[in-house]
Each structure stands twice: as structure tokens, then as C-alpha cells.
Amino acid sequence: MKYILVVSMLLISGMVMAEQDRYQFDNNEQAQRFAELTKELRCPKCQNQNIADSDAVVAKDLREKVLALVKEGKSKDDVIEYMIDRYGYFVHYDPPVTPATLVLWVLPVLIVVFGFSSIIFRQRKAAVKQTWSEQDEALLAKLIAQNERQEQI
């Protein structure tokens, strides 16, 4: 029983050590750039999780690609540009402002402004129609008088 426990602990510790030593870097700058990039890039499958924290297969593949690009000496911007070219702006947590993103931000505001403007316009138009003139009062009195005569007959 003791041997099984000792062997299992050695296996587990070996797996933990292998996981920690999985990524080898030439210098601390590469390790720091890799850490920054994996926290800035979003997992396409998980959507709200960065590739550093995600256990998805695609996140693992992205980490491996980031590692390869960092080891090639690519800058942070080069790696981000590569990932955006491959996966689209969604993969980066801080997408640039483009005409498409402007439409996504401006269109809802325009719809709300148009809606409120139409409501205000209709209210004002209805308020103008509801004013009574002396002619309207005379016409109403005439109609009431005609109605009363018809009821008497």
C-alpha cells in the first residue's frame, strides 16, 4: 500500500513539474511577452476567457502558436496582427475602431434618438389638433341640438 502511494505521488509531482516546465524561453523578455499575449488574446471557443486560462483545444493551439511566434522574435504587435488576420478582431480584447465597429456603436444611439424624436413630434402634433376653436364649439352645439330634436321625434 505504501508503495502505491509513493509511486502515485511521484507520478503526480512529475506531471505537475512537466506542466510548469512546459514552455521554455530563451530569456525573461520572451516569457513576459508570452504571458502578456496569452492574457490579451481571447479564446475563440470560450469567448469570455483568455487563452492563458482556457482549457479548450483551440486555446492550447493558440498558446503554442504564440510561443512559436515569440521564439521567432516577433513583436507583441506582430503576434496580435497575425492572430487577428487568422481569427478576426474578436480574438483580441481591445479591437481597433473601424467603420464596422462604429456602426455597431452609433446605430443603436441613432435608433433611440429617432424613436424619441418621433414620439415628441407625434405628441406635439396631437396637442395642436386638440385645441378647440369657437367654430368647433358652435358645430358641437349644433350637432347636440340636432341629436336632441331627433330623440324627441
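About the thresholds
Residues numbered from 1 in each chain as written. Predicted model: local features only at pLDDT ≥ 70, side-chain atom pairs only at ≥ 80, totals over all residues. Heavy atoms only, no water. Core = buried A, V, L, I, M, F, W, Y, C linked by side-chain atoms within 4.5 Å. Buried < 20%, exposed > 50% of the residue type's maximum accessible area, 1.4 Å probe, protein only. Helix = DSSP H or I, 4+ residues; strand = E, 2+ residues; numbered from the N terminus. Contact = heavy atoms within 4.5 Å. Salt bridge = Lys/Arg side-chain N within 4 Å of Asp/Glu carboxyl O. Axes fitted to C-alpha atoms, helices over the stretch in contact; angles between N-to-C directions. Left-handed = near helix turned anticlockwise from the far one by under 90°. Nonpolar A, V, L, I, M, F, W, Y, C, P; charged D, E, K, R; others polar. Phe/Tyr/Trp six-rings, centres within 6.5 Å; stacked < 30°, edge-to-face > 60°. Lys NZ or Arg CZ within 6 Å of the ring centre and 35° of its normal.

### Section: the nonpolar core
- Counting residues in hydrophobic clusters, the biggest one holds 18 residues, and the most contacted among them are Leu-37, Leu-41, Ile-51, Val-66 and Met-83.
- Listing elements by their share of this core, those giving two or more residues are α2 (28-40), α3 (57-71) and α4 (76-87).
- Looking at this core element by element, the count peaks at six residues for α3.
- Excluding residues that lie within four positions of it along the chain, Ile-51 makes contacts with Thr-38, Leu-41, Arg-42, Cys-43, Ala-59, Leu-62, Arg-63 and Val-66.

### Some remarks on the pattern of salt bridges
- Within this structure, the stated rule accounts for three salt bridges.
- Linking Arg-33 and Glu-29 is a salt bridge whose minimum nitrogen-to-oxygen distance equals 2.8 Å. Remark: Glu-29 and Arg-33 occur in helix α2; sequence separation between them is four residues, near one turn of the helix.
- Judged by relative accessible area, which is 14%, Arg-33 ranks as buried.
- Where Lys-76 meets Glu-40, a salt bridge forms, and the shortest distance between an N and an O atom there is 2.5 Å. Residue Lys-76 is located in helix α4, and its partner Glu-40 is located in helix α2; the two are separated by 36 residues in the primary sequence.
- Taking the relative accessible area as the measure of exposure, Lys-76 reaches 27% and is therefore partly exposed.
- Overlapping salt bridges bring together Glu-36, Glu-40 and Lys-76 as one network.

### What to know about the packing of α2 against α4
- Relative to each other, α2 and α4 sit at 35 degrees, their axes nearing to 11 Å. The hand of the α2/α4 crossing is right-handed. Contacts between α2 and α4 involve Arg-33, Glu-36, Leu-37 and Glu-40 on the former and, on the latter, Lys-76, Val-79 and Ile-80.
- Split into classes, the residues belonging to the contact of α2 with α4 amount to three nonpolar, no polar and four charged.

### Some details on the packing of aromatic side chains
- Applying the stated criterion across every chain, the model contains one aromatic pair.
- An angle of 50 degrees between the planes, with centres 5.3 Å apart, marks the rings of Phe-25 and Phe-34 as tilted.
- Over the face of the ring belonging to Phe-90 we find Arg-42, whose NZ or CZ atom lies 4.5 Å from the ring centre.

### Side note on the environment of Leu-102
- Here Leu-102 is to be found in helix α5 (residues 99-129).
- The partly exposed category is assigned to Leu-102, whose relative accessible area is 45%.

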